[in-house]
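These are the residues of each chain, in order.
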Amino acid sequence: MTTKLTLTVEKSIIERAKVYAKNTGRSLSELIETYLEGITKDSGDQSLSPKLKKIVGAVKLPKNFDEGKELRAYLKKKYT
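Calculation notes
Residues numbered from 1 in each chain as written. Predicted model: local features only at pLDDT ≥ 70, side-chain atom pairs only at ≥ 80, totals over all residues. Heavy atoms only, no water. Helix = DSSP H or I, 4+ residues; strand = E, 2+ residues; numbered from the N terminus. Rg over C-alpha atoms; globule rule 2.2 N^0.38 Å. Buried < 20%, exposed > 50% of the residue type's maximum accessible area, 1.4 Å probe, protein only. Areas by Shrake-Rupley, 256 points an atom, 1.4 Å probe, with all protein chains shown as cover. Lys, Arg positive; Asp, Glu negative; His and termini not counted. Charge placed at Lys NZ, Arg CZ, Asp CG, Glu CD. Polar contact = N/O pair within 3.5 Å; in protein donor to acceptor, adjacent residues only side chain to side chain.

Q: Could you clarify how one ought to interpret the overall build of the chain in this entry?
A: Looking only at helices and strands, the chain has four helices and zero strands in total. When the helices and strands of the chain are read in sequence order from the N terminus, they spell out α-α-α-α. Here the C-alpha radius of gyration of the chain, 16 Å, is well above what a compact globule of 80 residues would show, namely 12 Å. Dimensions of the chain, computed from C-alpha atoms along their principal axes, come out at roughly 50 × 30 × 20 Å. Split into buried and exposed, the 80 residues of the chain put 6% on the buried side. Carbon and sulfur atoms make up 58% of the accessible area of the chain, which totals about 7,700 Å². A gap of 6 Å separates the mean positions of the 17 positive and 10 negative side-chain charges of the chain.

Q: What is the right way to look at the environment of threonine 2 in this model?
A: Within the secondary structure layout, threonine 2 lies in the segment before helix 1 (11-23). Along the chain, threonine 2 and proline 62 lie 60 residues apart, while their C-alpha atoms are 24 Å from each other.

Q: Is there a simple way to think about the environment of threonine 24 in this case?
A: Assignment of secondary structure puts threonine 24 in the loop between helix 1 and helix 2 (28-40). Distance from threonine 24 to isoleucine 55, taken between C-alpha atoms, is 12 Å for residues 31 residues apart in sequence. A polar contact is formed between the side chain of threonine 24 and the backbone oxygen of tyrosine 20, at a distance of 3.0 Å. Here the side chain of threonine 24 touches arginine 26 through a polar contact of 3.4 Å, side chain to side chain.

What follows is the structure, given as structure tokens:
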């Protein structure tokens, strides 16, 4: 169930956020919801590296994404 939320945010930040949302193919509501979900999630989740956690929400990964497997494949390709 979704609920309407009213926020007071600096106009320049809203403008930049709208541009960012448009450039990433998402809505401003989706960005805010993803952010709020991320900061309120159980901090015991250690399945993602800190680098990957920084971009959560910016990239849509499949549910079965294996960071280690992808990193190994990338490094193998890079160094062979």
